[in-house]
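Here are the chains, one letter per residue:
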Amino acid sequence: MKVKINKGKTIEACILIGFILYKYILMWLRVPNIYTNLIIIGLVSLSFLILMQKKFSRIEIIKVIILFLFGCVTYYNSTMIDIFVATIFAMLYARDKDGIKDFIKIFTYTSIILYVITIILFLLGFLGNVASQRYVNEYLVERNSLGFMHVNAPFLHFVPIALGLIYINREKSAVHKFITIIVLDIISIVIYNYTLSRTGAIIILLLNIIMIFQKYILDNKVTKYIFKYAFITLGIFLTFYIAYKFGNDFTDKSLNRVLSFRPMLALDTIKTYPLKPFGNAFGERFILDSLYLRVLLGAGYISYMFYTYFQIKTFKYIEKDKYLYLVLIVFTIYQLFENVVTYNINFLLTIQFMLYLKYNDEKDLENKDKDINKKYELVEKEFKNEEQRT
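Just so it is clear, the model here is predicted, and its values are computed rather than measured.

Visitor: What is the right way to read the overall build of the chain from this model?
Guide: Scanning the chain from N- to C-terminus turns up 18 helices and 2 strands. The 390 residues of the chain split such that 49% are buried. Of the contacts formed within the chain by residues at least 6 apart in sequence, a portion of 69% connects residues at least 24 apart. Counting every atom, the chain has about 20,600 Å² of accessible surface; 63% of that belongs to carbon and sulfur.

Visitor: Can you walk me through the pattern of salt bridges in this structure?
Guide: For side chains of opposite charge, pairing can occur when their charged atoms come near one another. Counted under the stated rule, the structure contains 7 salt bridges. A salt bridge links Glu12 to Lys54; the shortest N-O distance between them is 2.9 Å. Placement of the pair is Glu12 in helix α1 (residues 7-29) and Lys54 in the loop between α2 (34-51) and α3 (58-78), with a sequence separation of 42 residues. Since its relative accessible area comes to 25%, Lys54 is described here as partly exposed. A salt bridge links Arg262 to Asp289, with the shortest nitrogen-to-oxygen separation between them at 3.2 Å. Here Asp289 lies in the loop between α13 (262-272) and α14 (291-299) and Arg262 lies in helix α13, a separation of 27 residues in the sequence. Asp289 gets classed as partly exposed once you look at its relative accessible area, which sits at 22%.

Visitor: Can you help me understand the packing of aromatic side chains in this one?
Guide: Tallying each qualifying case throughout the model produces 32 aromatic pairs. Where Phe70 meets Tyr307, the ring centres are 5.1 Å apart and the plane angle is 90 degrees; that geometry is what we call edge-to-face. Of this pair, Phe70 sits in helix α3 while Tyr307 sits in helix α15 (residues 301-318), placing them 237 residues apart in sequence. Across the pair, Tyr307 and Phe70 agree in class, each one buried.

Visitor: For this particular structure, what's the right way to read the side chain of Thr195?
Guide: By secondary structure assignment, the location of Thr195 is in helix α7 (residues 174-195). Of the residues examined, Thr195 reaches a relative accessible area of 0% and is grouped as buried. Setting aside anything within four residues of it in sequence, one finds Thr195 in contact with Arg143, Asn144, Leu146, Val151, Pro154 and Phe155.

Visitor: Can you walk me through α1 in this structure?
Guide: Since there are 3.6 residues in each turn of an α-helix, residues three or four apart along the chain are aligned in direction. Counted at 1.5 Å a residue, the expected span for α1 with its 23 residues is 33 Å, and the 32 Å between its end C-alpha atoms agrees. Looking at the residues trailing α1, positive phi occurs at Arg30, about 75 degrees.

Visitor: What is the right way to read the environment of Leu297 from this model?
Guide: Within the fold, Leu297 resides in helix α14. Along the primary structure Leu297 and Pro274 are separated by 23 residues, whereas in three dimensions their C-alpha atoms are 7.1 Å apart. Beyond its immediate chain neighbours, meaning those up to four positions away, Leu297 contacts Thr269, Ile270, Tyr273, Pro274, Leu275, Gly279, Asn280 and Phe282.

Visitor: Explain the side chain of Thr199 to me, please; I cannot follow it from the model alone.
Guide: Inspection of the secondary structure puts Thr199 in helix α8 (residues 198-212). Of the residues examined, Thr199 reaches a relative accessible area of 13% and is grouped as buried. Among all residues touching Thr199, those that are not within four sequence positions of it are Arg262, Tyr334, Phe337 and Glu338.

Visitor: I would appreciate a short explanation of unusual backbone geometry in the present structure.
Guide: Only a minority of non-glycine residues have a phi that is not negative, and only a minority of peptide bonds are not trans. Although it is not a glycine, Leu146 sits at a positive phi angle of roughly 55 degrees. The buried category is assigned to Leu146, whose relative accessible area is 10%. Unlike most non-glycine residues, Phe261 shows phi in positive territory, near 65 degrees. Residue placement: Phe261 occurs in the loop between α12 (255-258) and α13. Residue classification places Phe261 among the partly exposed residues on the basis of a relative accessible area of 27%.

Rules used throughout
- Residues numbered from 1 in each chain as written.
- Predicted model: local features only at pLDDT ≥ 70, side-chain atom pairs only at ≥ 80, totals over all residues.
- Heavy atoms only, no water.
- Helix = DSSP H or I, 4+ residues; strand = E, 2+ residues; numbered from the N terminus.
- Buried < 20%, exposed > 50% of the residue type's maximum accessible area, 1.4 Å probe, protein only.
- Contact = heavy atoms within 4.5 Å.
- Areas by Shrake-Rupley, 256 points an atom, 1.4 Å probe, with all protein chains shown as cover.
- Salt bridge = Lys/Arg side-chain N within 4 Å of Asp/Glu carboxyl O.
- Phe/Tyr/Trp six-rings, centres within 6.5 Å; stacked < 30°, edge-to-face > 60°.
- Expected span 1.5 Å × (residues − 1).

Below you can see the structure in the form of structure tokens.
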């Protein structure tokens, strides 16, 4: 029996794998060189060759132009190529019926393999430990980066893997989902024991809570409002409130100390860098963990408006799929405390770009709603049959 191989999809998968591998190679080498530059040039060139063979409607072309304008605005001061790469991914997968599922599957499995390789290279001594220290119960304890560029980076790369696995297994049995969560929790505990990265561990704990109480959290109207307008409610109101309220509080057990002085750093950034349309050029050693402030003050308020627009524009599609909605909630909260902006550690923006390109009107939304409801009805029916058999 011959196995039919779709050459187009295979090349698209290789492009996605190549871009993720590129980020890991940069991390392994620590410093970019001529070979890494050639890799990214080759990947971009191959992407355009494939995209030129696809036919796009007039409205799709207009939307792509808007996405590239978004990329240009963001690149101006931040020199981030991530918006461009996310646009390429969206153009490659948006039209496929199972594009989002295929994208997340390839992203997740590729990330797992490269994550494991990173740990192995560290254990073999090829990658160094970017260590730091923290006081725990009045004892100075060393934190381990496990070969990554920062002690928080192991969780930065693990959280999207965890979310990807949960999304991939969304149609599996309840037992399978439970085992997945338990395994992720065990890995999370191991990572925390080495890195002492509280934020990442709390995010995984939050993921557990949402999975357990998803009916009450995901269907709540207030929750939907907060996360639909997250770049306003969390990114501006909550971020600025925490910065001004706790940024100068250095007392024991203050929120400023609990959050590793993130409010203080946020307050200093707000006072130091003015709000500009195209942002400010931060120094290489500049430390700021909030994605919201990084975008608002680093890339500029025009870029921030783009982020806000895509969050609001695509929310009506995302909330119809409870697992995509879960992904959005976790990433949106994580962005408060970590600069999870690059495409290899945050695939939410790519998903939003796919939905932006794919759906044009309310009719498309109704069709998507029917498809999802039909799919979940079949899954629930299967669960009931399984329960009756046992």
